[in-house]
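Close look at the chain arrangement
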Amino acid sequence: MTIRRIVLDVLKPHKPTIIELANVLSNLKGIKGVNMSIFEVDRQTETVKVTIEGDNIDYLAVEKLIQEFGGAVHSIDQVVAGREMVEEIDTCQEP
């Protein structure tokens with residue numbers, strides 16, 4: 001399976017910053033870009049939405065790197081795989 005996009009919910013310590021972590025993740029093989037947004041901050045941690053796009057993302061390498069920097073993947077919120085990027089389409093049932 002070729003993963004082209006993955007969206008993760010990550011809990012990480014304040015250090016490293018999202019700038020540092022995004023930079024390190026973006027240097028992994030198969031990754032073209034990384035987007036990180038902080039959604040919640042408490043005394044010792046930050047909850048971060050991590051969106052990664054590329055030609056062939058190695059999820060295990062991403063998870064390992066996040067763990068090496070003191071973080072943990074809480075959930076995988078979206079995956080796009082295959083030869084092409086397929087965008088999610090709203091349906092009538094969705095608000």
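See the structure shown above.
An account of the accompanying structure is given in this report. (Residues numbered from 1 in each chain as written. Predicted model: local features only at pLDDT ≥ 70, side-chain atom pairs only at ≥ 80, totals over all residues. Heavy atoms only, no water.)

1. Regarding the overall build of the chain
Rules: Where helices and strands are cited, they refer to DSSP runs of H or I of at least four residues and of E of at least two residues respectively, numbered from the N terminus. For each residue, the accessible area found with a 1.4 Å probe, counting protein chains only, is set against the maximum for its type, and the residue is called buried under 20%, exposed over 50%, and partly exposed in between. Contacts: residue pairs with any heavy atoms within 4.5 Å of one another. In this charge count, Lys and Arg are treated as positive and Asp and Glu as negative; neither His nor the chain ends contribute. Charge coordinates come from a single atom per side chain, which is NZ of Lys, CZ of Arg, CG of Asp or CD of Glu.
A tally of helices and strands in the chain yields two helices and four strands. In sequence order, the secondary structure elements of the chain are arranged as β-α-β-β-α-β. In terms of its C-alpha atoms, the chain occupies a principal-axis envelope of roughly 40 × 35 × 20 Å. The 95 residues of the chain split such that 29% are buried. Counting contacts in the chain only where the partners sit at least 6 residues apart, residues at least 24 apart contribute 71% of the total. The averaged location of the 16 negative side-chain charges in the chain is 7 Å from the averaged location of its 10 positive side-chain charges.

2. Focus: the environment of Ile31
Residue placement: Ile31 occurs in strand E2 (residues 31-41). Taking the C-alpha atoms as reference points, Ile31 and Glu88, 57 residues apart in sequence, are found 21 Å from one another. Not counting residues within four places of it along the chain, the set of residues in contact with Ile31 comprises Leu25, Ser26, Ile52, Glu53, Gly54, Ile57 and Val62.

3. Here we look at unusual backbone geometry
Going from Lys15 to Pro16, the amide bond is cis rather than trans, its omega being 5°. Secondary-structure assignment places Pro16 in the loop between strand E1 (3-13) and helix H1 (18-26).

4. Overview of the nonpolar core
Worth spelling out the cut-off: Definition of nonpolar core: a set of buried residues of the types Ala, Val, Leu, Ile, Met, Phe, Trp, Tyr and Cys, connected through side-chain atoms within 4.5 Å.
Residues Leu8, Leu25, Val50 and Val62 are the most contacted members of the largest nonpolar core, which totals 18 residues. Broken down by secondary-structure element, the contributors of at least two residues to this core are E1, H1, E2, strand E3 (45-54) and helix H2 (59-68). If near-sequence neighbours (up to four positions away) are discounted, Leu8 is found in contact with Val48, Lys49, Val50, Tyr59, Val62, Ile66, Val73, Ser75, Ile76 and Asp77.

5. Comments concerning the sheet that holds E3
Going by this rule: Any two strands with at least two DSSP bridges between them are considered paired. Only C-alpha atoms enter the line fits that serve as axes; for helices the fit covers just the stretch in contact. Angles between N-to-C directions range over 0 to 180 degrees.
Here we have four strands laid out as an open sheet, ordered E2-E3-E1-E4, and antiparallel in their pairing. The open sheet has two free edges, formed respectively by E2 and strand E4 (72-81), since each of these has just one partner strand. Taken over all neighbouring pairs, the strand axes of this sheet differ in orientation by 15° on average, direction set aside. As paired strands, E2 and E3 are joined by nine bridges and run antiparallel to one another. Note that in E3 the partner of Ile31 across the bridge is Gly54. Packed on one face of the sheet, H2 meets E1, E2, E3 and E4 and runs near 15° to E1.

6. Considerations on the environment of Thr2
Turning to its location among the elements, Thr2 is positioned in the segment before E1. Non-local contacts of Thr2, meaning those with residues more than four positions away in its chain, are made with Asp55, Asn56, Val80, Ala81 and Gly82.

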